[in-house]
Amino acid sequence: MSKVIQGKIFVVDDNIDTDQIIPAEYLTLVPSKLDEYEKLGSYALIGLPDRYGKFVTPGQAKTEYPIIVAGENFGCGSSREHAPIALGASGVKAVVAQSYARIFFRNCAATGELYPWESVERLCDEFQTGQEVTIDFDQNQITNHSLNKVYVLKSLGEVRPVIDAGGIFAYARQTGMISR
């Protein structure tokens, strides 16, 4: 059976940095504490300019958007692991971007919080926040149901099983690289 993620999208453009994903003032929250993990999710993307609207409704812990569609260089800025953790804590399952800052991509794999898909085409100019999409992992594609169009995604490659396992340490335990 094919793995899929479905839901509404939140669309941003280029150079969304880690300060916009989770501002430094919230880095004192400890993700290993459940209540603080949930609080971290409530602050996800709170640093975005007002033109994007609210990613998480004020007073809520989770977003209604399990998928983010972005332009180039998503996750640029500082190397904080809190960025993919905050997105995952908010309920994000995947980001589909034209490109990523390498450290953000790596932190997605290390934490196992979300899948960092890369689009072949620039989707952020065509997609709109609130549209319904499906990401098909085995077909490497995203279907925009509002536009009735299918778009090719680059393969996740070797990062997929790491994220499937729940992050780099879970993967290492699962494959016998480190003892349980």
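On a predicted model such as this, the values are computed, not experimentally measured, just so you know.

(A) How the structure looks around the overall build of the protein chain. Counting its secondary structure elements, the protein chain contains six helices and seven strands. In sequence order, the protein chain lays out its α and β elements as β-α-α-β-α-β-α-β-β-β-β-α-α. What you see for the protein chain is a C-alpha radius of gyration of 16 Å, in line with the 16 Å of a compact globule of 180 residues. Within the protein chain, the proportion of its 180 residues that are buried is 48%. Here the analysis covers contacts within the protein chain between residues at least 6 apart in sequence; of these, 66% occur between residues at least 24 apart. Here the protein chain has roughly 8,900 Å² of accessible surface; of this, 47% comes from carbon and sulfur atoms. Across the protein chain, the mean location of the 17 positive side-chain charges is 5 Å away from that of the 22 negative side-chain charges.

(B) Inspection of the layout of surface pockets at higher detail. In this structure, the largest pocket occupies an estimated 210 Å³ of space. Contributing to the lining of the largest pocket are 16 residues, with Leu45, Ile46, Lys54, Phe55 and Val56 lying nearest its centre. The residue makeup of the lining of the largest pocket, split by class, is nine nonpolar, five polar and two charged.

(C) Structural context of the sheet that holds strand E5 (residues 132-136). Read around the closed barrel, seven strands run E1-E2-E3-E4-E7-E6-E5, paired in mixed fashion. Taking each pair of neighbouring strands and ignoring which way they run, the sheet shows an average axis angle of 35°. The sheet contact formed by strand E4 (residues 115-119) and strand E7 (residues 149-154) spans two bridges and is antiparallel. By the bridge assignment, Glu118 is partnered in E7 with Lys154.

(D) Representation of the pairing of E4 within the structure. Burial of E4 is extensive: four of the five residues sit out of reach of the surface. Pairing of strand E3 (residues 94-97) with E4, which is carried by four bridges, proceeds in the parallel orientation. Along E4, the bridge assignment pairs Ala97 with Glu118. You can see the chain leave E3, run along helix H4 (residues 102-111) and come back into E4, and the turn it takes is right-handed.

(E) Representation of the UniProt feature "domain: Aconitase A/isopropylmalate dehydratase small subunit swivel" (unreviewed entry) in the protein chain in the model. What UniProt calls "domain: Aconitase A/isopropylmalate dehydratase small subunit swivel" (unreviewed entry) maps, in this numbering, to residues 64-112. Secondary structure across residues 64-112 divides into 39% helix and 16% strand, with the first and last C-alpha atoms of the span separated by 20 Å.

(F) Region of interest: the environment of Ala109. As for its position among the elements, Ala109 is in helix H4. A relative accessible area of 13% places Ala109 in the buried class. Separated by 16 residues in the primary sequence, Ala109 and Asp125 have C-alpha atoms spaced 27 Å apart. Excluding residues that lie within four positions of it along the chain, Ala109 makes contacts with Val159, Val162, Ile163, Gly167 and Ile168.

(G) Region of interest: the nonpolar core. Membership of the largest hydrophobic core comes to 31 residues, with the highest contact counts inside it found for Val12, Leu45, Phe55, Ile68, Phe74, Leu87 and Val95. Secondary-structure elements contributing two or more residues to this core are helix H2 (34-42), strand E2 (67-70), helix H3 (82-90), E3 and H4. The element contributing the most residues to this core is H3, with five residues. Those residues within four positions of Val12 in sequence are excluded, and the remaining contacts are Leu48, Tyr52, Ile68, Val69, Ala70, Gly71, Phe74 and Cys124.

Parameters at a glance
Residues numbered from 1 in each chain as written. Predicted model: local features only at pLDDT ≥ 70, side-chain atom pairs only at ≥ 80, totals over all residues. Heavy atoms only, no water. Helix = DSSP H or I, 4+ residues; strand = E, 2+ residues; numbered from the N terminus. Rg over C-alpha atoms; globule rule 2.2 N^0.38 Å. Buried < 20%, exposed > 50% of the residue type's maximum accessible area, 1.4 Å probe, protein only. Contact = heavy atoms within 4.5 Å. Areas by Shrake-Rupley, 256 points an atom, 1.4 Å probe, with all protein chains shown as cover. Lys, Arg positive; Asp, Glu negative; His and termini not counted. Charge placed at Lys NZ, Arg CZ, Asp CG, Glu CD. 1 Å grid on protein atoms, 1.4 Å probe; cavity = no way out; pocket = protein on both sides within 12 Å on 5 of 7 lines; lining within 4 Å. Points joined across faces, edges and corners; volume = space filled by probe spheres on them. Nonpolar A, V, L, I, M, F, W, Y, C, P; charged D, E, K, R; others polar. Pairing = 2+ DSSP bridges. Axes fitted to C-alpha atoms, helices over the stretch in contact; angles between N-to-C directions. Right-handed = clockwise from strand over helix to strand, strands pointing away. UniProt positions renumbered as here; feature names shortened; annotations may be inferred. Core = buried A, V, L, I, M, F, W, Y, C linked by side-chain atoms within 4.5 Å.

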